[in-house]
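Residues per chain, in single letters:
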Amino acid sequence: MTERVVLAYSGGLDTSVAIGWIAEETGAEVIAVAVDVGQGGEDLDVIRKRALACGAVEAEVADAKDEFAEEYCLPAIKANALYMDRYPLVSALSRPTIVKHLVAAAKKHGATTVAHGCTGKGNDQVRFEAGISSLAPDLKCIAPVRDYAMTRDKAIAFCEAKGLPIATTKKSPYSIDQNVFGRAVETGFLEDIWNAPIEDVYDYTANPATPRDADEVVITFEAGVPVAIDGKPVTVLQAIQQLNERAGAQGIGRIDMVEDRLVGIKSREIYEAPGAIALIIAHQELENVTVERELARYKRQVEQRWSELVYDGLWFSPLKRALDGFIAEANEHVTGDIRMTLHGGRAVVTGRKSAKSLYDFNLATYDTGDTFDQSLSKGFIEIFGLSSKIAAKRDLV
């Protein structure tokens, strides 16, 4: 029986060429799998037909936008997930979504191997292969660009020699990955970290310096889940999409950073994530109102570790699953409304309202009606600082 390889298929030059390339290198039949995580672009059926025209024996497409939003983006919102305190894990979140569909297709078609189009110096190769090995340890993984030296010039030559139905002349100066949660741009002149990004790098966001009226929005959460925008019910996907449009129109969510890749190098990345950033800022503020102090302090440590695990491709790891349970518990009371002003590249919280609030006006006020017993503070401070006071007496001798 001829071996079968499931290929993560995008419809572009590299993965289209990879269909025939894999067949020649391995003698296997190729099943192409394309997953829609809100990246936009061509119709899925067009992509499916192209895969077949390029030599795939089977081609599957999956509309996974809602799945991606609810099962991957939502946990990131609940975790306030920002790798290195800035990056909302745009690409890292989409990879386990795609991995699940690749593994399902491999099982369905009796494939022994899964292939992807990643290079050998990025994070995505790890995210794909570590994810696949966690869900299906018996599957093998190959990467034509990395394993068979399938460079772009070789890909173009192969495409032209085989007469494949894909354009080979136009090449963007950037490497771009995008989905509904955001957009990542790298390479080209951006590799010189002294060069400032120019406006044509951006697509999801308008120039924040352009004068325009501010936009006020109210986001409603239930147990950490965004459920309404300005009082109108939304799914998680709709919340992200609507805030992509409204926050993006105000230039919110632009990130220019040098990040630490898992493979050990530093990489300059440009990100756009207007909806993600607006939702995380709103969620963080609602947590400030509804989450008890010690839980909130510890959750911030968990958020950092959770973000690192996801960035490093360990979505399906035991530690990540255990932290998911903690984060879900911590979001139990994160319910209420956050009012924000979107303007000039910033999402600024201007109001908070929650039936689960821990904010007590009578304790917080300095006016008449204050119920905080200030006479208790003197003794509290004496006891709270006692161990430091004893150590200071010793150390100052």
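All figures in this text were calculated on a predicted structure; none of them were measured in a lab.

Parameters and conventions
- Residues numbered from 1 in each chain as written.
- Predicted model: local features only at pLDDT ≥ 70, side-chain atom pairs only at ≥ 80, totals over all residues.
- Heavy atoms only, no water.
- Phe/Tyr/Trp six-rings, centres within 6.5 Å; stacked < 30°, edge-to-face > 60°.
- Helix = DSSP H or I, 4+ residues; strand = E, 2+ residues; numbered from the N terminus.
- Buried < 20%, exposed > 50% of the residue type's maximum accessible area, 1.4 Å probe, protein only.
- Core = buried A, V, L, I, M, F, W, Y, C linked by side-chain atoms within 4.5 Å.
- Contact = heavy atoms within 4.5 Å.
- Pairing = 2+ DSSP bridges.
- Axes fitted to C-alpha atoms, helices over the stretch in contact; angles between N-to-C directions.
- 1 Å grid on protein atoms, 1.4 Å probe; cavity = no way out; pocket = protein on both sides within 12 Å on 5 of 7 lines; lining within 4 Å.
- Points joined across faces, edges and corners; volume = space filled by probe spheres on them.
- Nonpolar A, V, L, I, M, F, W, Y, C, P; charged D, E, K, R; others polar.
- Expected span 1.5 Å × (residues − 1).
- Salt bridge = Lys/Arg side-chain N within 4 Å of Asp/Glu carboxyl O.
- Parallel < 35°, antiparallel > 145°, perpendicular 65-115°, else oblique.
- Disulfide = S-S within 2.5 Å.

Novice: Help me get a handle on the packing of aromatic side chains, residues and values and all.
Specialist: Taken as a whole and judged by the stated rule, the model has 9 aromatic pairs. On the basis of an interplanar angle of 5° and a centroid distance of 3.7 Å, the ring pair of Tyr83 and Tyr311 is categorised as stacked. Placement of the pair is Tyr83 in the loop between α3 (65-78) and α4 (90-109) and Tyr311 in helix α10 (residues 293-311), with a sequence separation of 228 residues. On the basis of relative accessible area, Tyr311 is assigned to the buried category, the value being 0%. Here Tyr87 and Tyr311 contribute two aromatic rings whose centre-to-centre distance is 6.2 Å and whose plane-to-plane angle is 90°, an arrangement assigned as edge-to-face. Residue Tyr87 is found in the loop between α3 and α4, and its partner Tyr311 is found in helix α10; the two are separated by 224 residues along the sequence. Tyr87 gets classed as buried once you look at its relative accessible area, which sits at 1%.

Novice: Could you give an account of the nonpolar core, naming the residues involved and the relevant values?
Specialist: Counting 80 residues, the largest nonpolar core has Val6, Leu89, Leu93, Ile219, Trp306 and Met340 as the members making the most contacts within it. Broken down by element, the residue count for this core peaks at 9 residues, all from α4. Those residues in contact with Trp306 that sit more than four places away from it in its chain are Pro75, Ala76, Ala79, Ala81, Leu89, Leu93, Trp315, Lys320, Leu323, Asp324 and Ile327. With 27 residues, the next largest nonpolar core counts Leu13, Ile47, Ala59 and Ile156 among its residues.

Novice: Tell me what's going on with the sheet that holds strand β6 (residues 175-179), and back it up with residues and numbers.
Specialist: By definition, the strands of a sheet pair up through backbone hydrogen bonds, in either a parallel or an antiparallel sense. Spatial strand order, β6-β7-β12-β11: 4 strands in an open sheet with antiparallel pairing. Because the sheet does not close on itself, it has two edges, and the strands there are β6 and β11 (254-260). Neighbour-to-neighbour, the strand axes of the sheet open up by a mean angle of 25°, direction not taken into account. Relative to strand β7 (residues 182-186), β6 is paired through 5 bridges, and the arrangement is antiparallel. Within the sheet, the bridge partner assigned to Asn179 lies in β7 and is Gly182.

Novice: Let's hear about the sheet that holds strand β8 (residues 215-222): which residues, and what values?
Specialist: With antiparallel pairing, the 5 strands of this open sheet are ordered in space as β10-β9-β8-β13-β14. The sheet is open, and its two edges are formed by β10 (232-233) and β14 (346-353), each paired on a single side. Sheet topology note: the β8/strand β13 (residues 336-343) ladder contains 7 bridges and is antiparallel. Bridge pairing in β13 places Val218 opposite Arg339. Of the strands in this sheet, β8, β9 (225-229), β13 and β14 touch helix α9 (residues 274-290), which is tilted by about 140° from β13.

Novice: A description of empty space enclosed by the protein should follow, citing residues and the corresponding values.
Specialist: Evaluation of the coordinates by the stated rule reveals 1 cavity of 30 Å³ or more. Forming the walls of the largest cavity are Ala92, Pro96, Arg127, Gly131, Val310, Gly313, Leu314, Trp315 and Phe316. Those elements that provide at least two residues to the lining of the largest cavity are α4 and α5 (124-135). Of the residues assigned to the lining of the largest cavity, the class counts are 6 nonpolar, 2 polar and 1 charged.

Novice: An account of α9 is requested, with residue identities and associated values reported.
Specialist: Taking 1.5 Å as the rise per residue, α9 with 17 residues should run 24 Å; its terminal C-alpha atoms sit 25 Å apart, in good agreement. Across the 17 residues that make up α9, a large majority, 14, are buried.

Novice: Please give an account of the layout of surface pockets that cites residues and values.
Specialist: What the second largest pocket holds in volume is close to 280 Å³. Looking at the lining of the second largest pocket, the elements with two or more residues in it are α9 and α10. If you tally residues by element for the lining of the second largest pocket, the top one is α10, at 6 residues. Partitioned by chemical class, the residues of the lining of the second largest pocket number 4 nonpolar, 5 polar and 5 charged.

Novice: Residue-level account of the pattern of salt bridges, with values.
Specialist: According to the stated counting rule, one finds 33 salt bridges in the structure shown. Arg95 is the salt-bridge partner of Asp124, the closest N and O atoms lying 2.8 Å from each other. Highlighted residues: Asp124 in helix α5 and Arg95 in helix α4, separated in sequence by 29 residues. Judged by relative accessible area, which is 18%, Asp124 ranks as buried. Judged by its relative accessible area of 8%, Arg95 falls in the buried class. Taken together, the shared-partner salt bridges in this structure form one network comprising Arg95, Asp124, Arg127 and Asp177.

Novice: Now, about the packing of helix α8 (residues 236-248) against α9: what can you tell me, with residues and values included?
Specialist: Contact pair α8 / α9: the axes reach a minimum separation of 7 Å and the direction vectors enclose 100°. With respect to α9, the axis of α8 lies roughly perpendicular. For the pair α8 and α9, contact is made by Ala239, Ile240, Leu243, Asn244, Ala247 and Gly248 and by Pro274, Gly275, Ala276, Ala278 and Leu279, respectively. Residue composition of the contact of α8 with α9, by class: 8 nonpolar, 3 polar and no charged.

Novice: With reference to specific residues and values, describe the state of the cysteines.
Specialist: Under the criterion given, the structure shown has 0 disulfides. No disulfide involves Cys141; its sulfur sits 10 Å from that of Cys118, the nearest cysteine. The class for Cys141 is partly exposed, based on a relative accessible area of 22%. Left without a disulfide partner, Cys159 is nearest to the cysteine sulfur of Cys54, which lies 6.9 Å away. Classification of Cys159 by relative accessible area gives buried; the value is 2%.

Novice: Would you mind going over the pairing of β13 in detail, with residue names and values included?
Specialist: Alternating residues of β13 divide into Gly336, Ile338, Met340 and Leu342, all buried, and Asp337, Arg339, Thr341 and His343, none buried. Pairing of β13 with β14, which is carried by 7 bridges, proceeds in the antiparallel orientation. Counterpart to Asp337 in the pairing with β14 is Lys353. The antiparallel hairpin formed by β13 and β14 contains 2 residues in its connecting segment, where Gly344 sits at a positive phi of about 60°.

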